[in-house]
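# Fold and geometry: a report
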Amino acid sequence: MESDPNHLRDPYKPVDENLEPPDLECAICFCQFNNVFNTPKILQCKHTFCLECLARMNVKSTQPDTIQCPLCRAYTPLPDLGLPKLANDSTVLSYLPTAMQHVYSIRFNRNKGKLQVKRVPSSAPVLTQTVSQTLDVGNPAGSEGQHGRDRGYSFVVYSTSEEEERKAGNEKGGAQTQRWSDEIREKQQDSRRRKQAASCNFEADTRLIHASISDRFWAVNVSIWMLSLHPKSPQTRKSKRRKSRVLFPNDTLIFKPKKERSGANPFLLLFIVIVFIQVYNAIENLDDHVLKYDLEGLERSLHREVFGQQKALEELMDHLNDYLSTYAHQQPLALSLHGASGIGKSHLGRLLARHFRSVIDDKLVVHYLSKHQCPLQDAAKHCASKLAQRISEVVTRAEEEEQIPFFILDEVELMPPPLLDTLQVFLKSNQTNEFLNVVYVFLSTLGQREITAQVLQNASTAGAHKPLREALSLIHPIWTEPAVELIPLSLLEREHVIQCFLEEMTLEGFYPDLNHVERLADELAYHTAAGKQYAKTGCKQVVGKVNQL
């Protein structure tokens, strides 16, 4: 294997030694350029500055659509997608190490004054992965009021006479400081002499008392009394410690030991506060992402218009909440909903398409009907090519608008194998970032036999995921991908069919007579299990029955 000729080359040394290397430091903050927040951005005047300094200038500027060069004062209009889309200085990037020549995608939120890394790939170096995901660049102009303070530099200019007065004042202050130090030193020496004299007098008094009192018992008591006059002496401290070890007959101490305060409690409290702040910020960021998709409104609409699928809808909303709470993902989200005919799969797909078209760009939501889009099996390869092209176009547009696109694919059971092969390629995790931020929803009747058997046996779809995945993996390997989440749809009970009759009769203008509806519901075929009746065809025959009225 041939070695790389540039392996041992200095990364900051130019390839051509005759050429003078460019300045690798920002002229404003003097920080070295890199490929994250200090990315070298070149203005129209050909001057280069780091992205962080330009962001701080734009936050404080009253003209957010342009940036003024701090060297030549020339104005540069900003791109439509913001400050991070300014052109990078490729000459400076070529002098950086090879691992730092790939510029990461940065978002700039001027209202919050933040620079944010969109996504750090798992293959990035360890040093890059430890970089903070966000960087505060200050509050926007006018948000701090008159009392706000900007980061900058202050200079003091002295005249000649003022300079002389200032030097004289410094010399006078130095002399006064020296005089205060001498006075403090003299007071400390005087205090030590007084303590030594007091200690000598105390020892002399003690010897005199011991010599004049012959009784040893009274001498000891008087000595203890004299020691109590000087509680700070070492002998007093020893006697106190000795007394603390004397025990009463009931094995208790005269003086109970003091409880030592642990020094770990303040650090534990500080750690809890830091964790709380981090969790609060994470929850706040999650709310910012989820709110723009109005998932609460979607959940209310689905529970109101889709009958008999309470558990499946909860599972669907859990996956959407988890995925849409952030913009950076490791793999796309594929929700594969399976169930028998007539339980409302197509109606569910129309509701999802209608909702997401109302909250994001209409062109970022694709509702693909296999029977309509690709009716001929002979044209399967052509249909697969068109589908792949459309997915690429929508994903590219969504990346520019920083949105997550949605592909709702109905009648998947009618898709030929080339279409499924194309979709499987887009579900892989080894793709570029924009193809990882996509939501796919598959609607199919495949696996309805396994789901029906599970419902009739256990009166629930719980436990149907494993047999359903095993059956689908035999049809096509797309359902073995980790990105695919299976959601089984249950059979409709008789009360759900009655709700379908009432809704259809209301739409057709008939008076919803409950007795009449009961008679129409009895004309349908049902499975009976565990005291419940499950419609074999669901609500599929409801429209025909109502049209006969």
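Residues numbered from 1 in each chain as written. Predicted model: local features only at pLDDT ≥ 70, side-chain atom pairs only at ≥ 80, totals over all residues. Heavy atoms only, no water.

## Overview of a nonpolar patch on the surface
Basically, it comes down to this: Patch membership needs two things, relative accessible area over 30% and no salt bridge, and members are linked within 9 Å if like-charged or within 5 Å if nonpolar (Val, Leu, Ile, Met, Phe, Trp, Tyr). For the area figures, the Shrake-Rupley method with a 1.4 Å probe applies, and any residue is considered shielded solely by the protein chains shown. We count a salt bridge whenever a side-chain nitrogen from Lys or Arg sits within 4 Å of a carboxyl oxygen from Asp or Glu. For the exposure calls, accessible area comes from a 1.4 Å probe over protein chains only, and a residue counts as buried if that area is under 20% of its type's maximum, exposed if over 50%, partly exposed in between.
Together, L268, F271, I272, V275 and V279 line one region of the surface with nonpolar side chains, adding up to about 450 Å² of accessible area. We classify F271 as exposed; its relative accessible area is 52%.

## Details of the sheet that holds strand β12 (residues 484-488)
To be explicit about the condition: What makes two strands pair is DSSP finding at least two bridges between them. Helix numbering and strand numbering both begin at the N terminus, where a helix is a DSSP run of H or I of at least 4 residues and a strand a DSSP run of E of at least 2. Comment: axis = line fitted to C-alpha atoms, over the contacting stretch for helices; angle = value between 0 and 180 degrees taken between N-to-C directions. Contacts are assigned to residue pairs with any non-hydrogen atoms lying within 4.5 Å of each other.
Strands sit in the order β9-β10-β11-β8-β12 across an open sheet of five strands; the sheet is parallel. For this open sheet the edge positions go to β9 (365-369) and β12, each flanked by a neighbour on one side alone. Ignoring strand direction, the axes of neighbouring strands in this sheet form an average angle of 15°. Lying on the sheet, helix α12 (residues 380-401) is in contact with β9, β10 (406-410) and β11 (439-444); it crosses β9 at an angle near 165°.

## Notes on the sheet that holds strand β7 (residues 134-136)
Where strands meet in a sheet, backbone hydrogen bonds hold them as pairs that are either parallel or antiparallel. Strand order in this open sheet of three strands is β5-β6-β7, and the pairing throughout is antiparallel. At either end of the open sheet lies a strand with only one pairing partner, and these are β5 (106-109) and β7. Neighbour-to-neighbour, the strand axes of the sheet open up by a mean angle of 20°, direction not taken into account. Of the strand pairs in this sheet, β5 and strand β6 (residues 114-117) are connected by four bridges, and their pairing is antiparallel. Looking at β6, one finds that I106 is bridged to V117. Together, β5, β6 and β7 form the strand contacts of helix α1 (residues 51-60), whose direction differs from that of β5 by roughly 15°.

## Notes on the pairing of β5
Residues I106 and F108 line the buried face of β5, whereas the alternating positions R107 and N109 sit on a face that is not buried. Between the antiparallel neighbours β5 and β6 lie four residues, among them G113 with a positive phi of about 65°.

## What to know about the environment of A55
With respect to the helices, strands and loops of the structure, A55 is situated in helix α1. Look at A55 and you get buried, because its relative accessible area is 0%. Sequence separation of A55 and G113 is 58 residues, and the distance between their C-alpha atoms is 8.2 Å. The contact partners of A55, leaving out residues within four places of it in the chain, are L83, F108, L115 and V137.

## As for the nonpolar core
What counts is decided by this rule: Take the buried Ala, Val, Leu, Ile, Met, Phe, Trp, Tyr and Cys residues and link them wherever side-chain atoms come within 4.5 Å; each set so joined is a nonpolar core.
Membership of the largest hydrophobic core comes to 87 residues, with the highest contact counts inside it found for L302 and L320. Element by element, the count of residues in this core is highest for α12, at eight residues. In this view, L320 contacts L295, L298, L333, L335, F356 and V439; residues no more than four positions away in its chain are not counted. Of all hydrophobic cores here, the second largest spans 26 residues; its members include L43, C69, I106 and V137.

## Things to note about the pattern of salt bridges
The tally for this structure, following the rule as stated, stands at 13 salt bridges. The partner of D362 in a salt bridge is R357, and the shortest N-O contact between them spans 3.4 Å. Overall, D362 belongs to the partly exposed group, its relative accessible area being 46%. The exposure class assigned to R357 is partly exposed, which follows from its relative accessible area of 35%. One salt bridge connects R494 with E518, and the closest N-O pair in it is separated by 2.9 Å. Linking R494 in helix α16 (residues 494-508) with E518 in helix α17 (residues 514-522), this pair joins segments that are 24 residues apart in sequence. The exposure class assigned to R494 is buried, which follows from its relative accessible area of 19%. Connected via shared salt-bridge partners are R304, E305 and R354.

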